[in-house]
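Breakdown of the fold
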Amino acid sequence: LLLTITPFETYGKTTLSYFDSNLGRINQGCYSGTLLPKTALLGLETIRKAIEENGNNFISFTEYQFLYCDYNIRPPKKLPLCFMEGVCFFNQDVPDLIKTIESLSPNVILLQNQHTHYNSTLNPYLEDTFYNWGYDKTDTIVAITESKNISIFVKKNLNNASSVG
C-alpha cells in the first residue's frame, strides 16, 4: 500500500492519477507517457490515423498542438496555436485567418469547439466554410477537455496522399 500525504493538493492528485483505471498513457510521439483519459486516447488514435492516411498534411486548432512535434512539422505561421476568439485573436481577425487556412490548403483540419463562451457562432461558421472548400467532417472525437470535442475535416477525393511532412 502506497500512501502519499502532501500539503500540495495537485501533487497528491497526480499521485492518485497513476492508480485511476480511467487513465492511460500516450504510447508514441513527443508526449509519450503522458496520462490522458482513455476516451481521449481513443480519439487521439483516430486523429493520428486521419493524419497519416492523408499525407501528414494537417493543421490543428485543438489542445493537441503536440501533434506538430510528433510529425516533425512546424506549426503554420499567421495562425494562433490556440484558437480561442477573444483570447488569442479577435473577431476582426477571422477573415485573415480564413484566408491563411485556405492558402495552406491542408488535407486535414482538426477543429476543437473552444468558442462556446466567447463566440458561439464561430465554429458553425468555420465548419460551413470548410464544407464549402470541399472538406468532409469524417469524425468527431472526445478530447482531453471532454466537453469540447474535436472535429476532423478531410479534403474530399484524397486517395491517401503521399507524405509531405
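Residues numbered from 1 in each chain as written. Predicted model: local features only at pLDDT ≥ 70, side-chain atom pairs only at ≥ 80, totals over all residues. Heavy atoms only, no water.

A closer look at the overall build of the chain
Helix and strand counts for the chain come out as five helices and six strands. Of the regular secondary structure in the chain, the N- to C-terminal order runs α-β-β-α-β-α-α-β-α-β-β. Burial analysis of the chain (165 residues in total) assigns 41% to the buried set. The long-range share in the chain, meaning contacts at least 24 apart out of those at least 6 apart in sequence, stands at 54%. Total accessible area on the chain is roughly 9800 Å²; 51% of this is exposed by carbon and sulfur atoms. (Helix = DSSP H or I, 4+ residues; strand = E, 2+ residues; numbered from the N terminus. Buried < 20%, exposed > 50% of the residue type's maximum accessible area, 1.4 Å probe, protein only. Contact = heavy atoms within 4.5 Å. Areas by Shrake-Rupley, 256 points an atom, 1.4 Å probe, with all protein chains shown as cover.)

Some words on the state of the cysteines
Think of a disulfide as a covalent bridge from one cysteine sulfur atom to another cysteine sulfur atom. Scanning all chains against the criterion turns up one disulfide. Between the sulfur atoms of Cys 30 and its disulfide partner Cys 69 the distance amounts to 1.9 Å. With the S-S dihedral at roughly -80°, the linkage between Cys 30 and Cys 69 falls on the left-handed side. Here Cys 30, found in the loop between strand E1 (23–25) and strand E2 (35–37), pairs with Cys 69, found in helix H3 (residues 67–70); they are 39 residues apart in sequence, far enough to count as distant. Residue classification places Cys 30 among the partly exposed positions, given a relative accessible area of 39%. Residue Cys 69 is classed as partly exposed on the basis of its relative accessible area of 45%. (Disulfide = S-S within 2.5 Å.)

Quick notes on the confidence of the model for the chain
For the chain, the mean per-residue pLDDT works out to 83, and 81% of the residues sit at or above 70. In the model, residues 6–13 has pLDDT below 50 throughout and makes three contacts with residues more than four positions away in sequence or in other chains. pLDDT under 50 marks residues 160–165. Its contacts with residues more than four places away, or in other chains, come to 15 contacts. (pLDDT = per-residue confidence, 0-100.)

Comments concerning the nonpolar core
Judged by nonpolar contacts, the single largest core of 37 residues is most densely connected at Ile 47, Tyr 64, Leu 67 and Leu 110. For this core, the secondary-structure elements that each account for two or more residues are helix H2 (38–53), strand E3 (58–61), H3, helix H4 (94–104), strand E4 (108–112), helix H5 (122–132), strand E5 (135–141) and strand E6 (150–155). Counting residues per element, this core draws most heavily on H2, at six residues. The contact partners of Leu 110, leaving out residues within four places of it in the chain, are Ile 47, Ile 51, Phe 58, Ile 59, Ser 60, Phe 61, Thr 62, Leu 67, Ile 150, Ser 151 and Ile 152. (Core = buried A, V, L, I, M, F, W, Y, C linked by side-chain atoms within 4.5 Å.)

Some points on the sheet that holds E3
Strands sit in the order E3-E4-E6-E5 across an open sheet of four strands; the sheet is mixed. Looking at the sheet topology across the chains shown, the edges are occupied by E3 and E5. Strand-to-strand, the axes of this sheet are offset by a mean angle of 15°, without reference to chain direction. As paired elements, E3 and E4 share four bridges and run parallel to each other. Considered in E4, the bridge of Ile 59 is made with Ile 109. (Pairing = 2+ DSSP bridges. Axes fitted to C-alpha atoms, helices over the stretch in contact; angles between N-to-C directions.)

Points about the packing of aromatic side chains
By the definition in use, this model includes eight aromatic pairs. Ring centres 4.9 Å apart and planes at 20° place the aromatic pair Tyr 31 and Phe 66 in the stacked group. Residue Tyr 31 is found in the loop between E1 and E2, and its partner Phe 66 is found in the loop between E3 and H3; the two are separated by 35 residues along the sequence. You can call Phe 66 buried: its relative accessible area is 9%. Three or more aromatic residues link up through ring pairs in this structure, and these residues are Phe 130, Tyr 131, Trp 133, Tyr 135 and Phe 153. (Phe/Tyr/Trp six-rings, centres within 6.5 Å; stacked < 30°, edge-to-face > 60°.)

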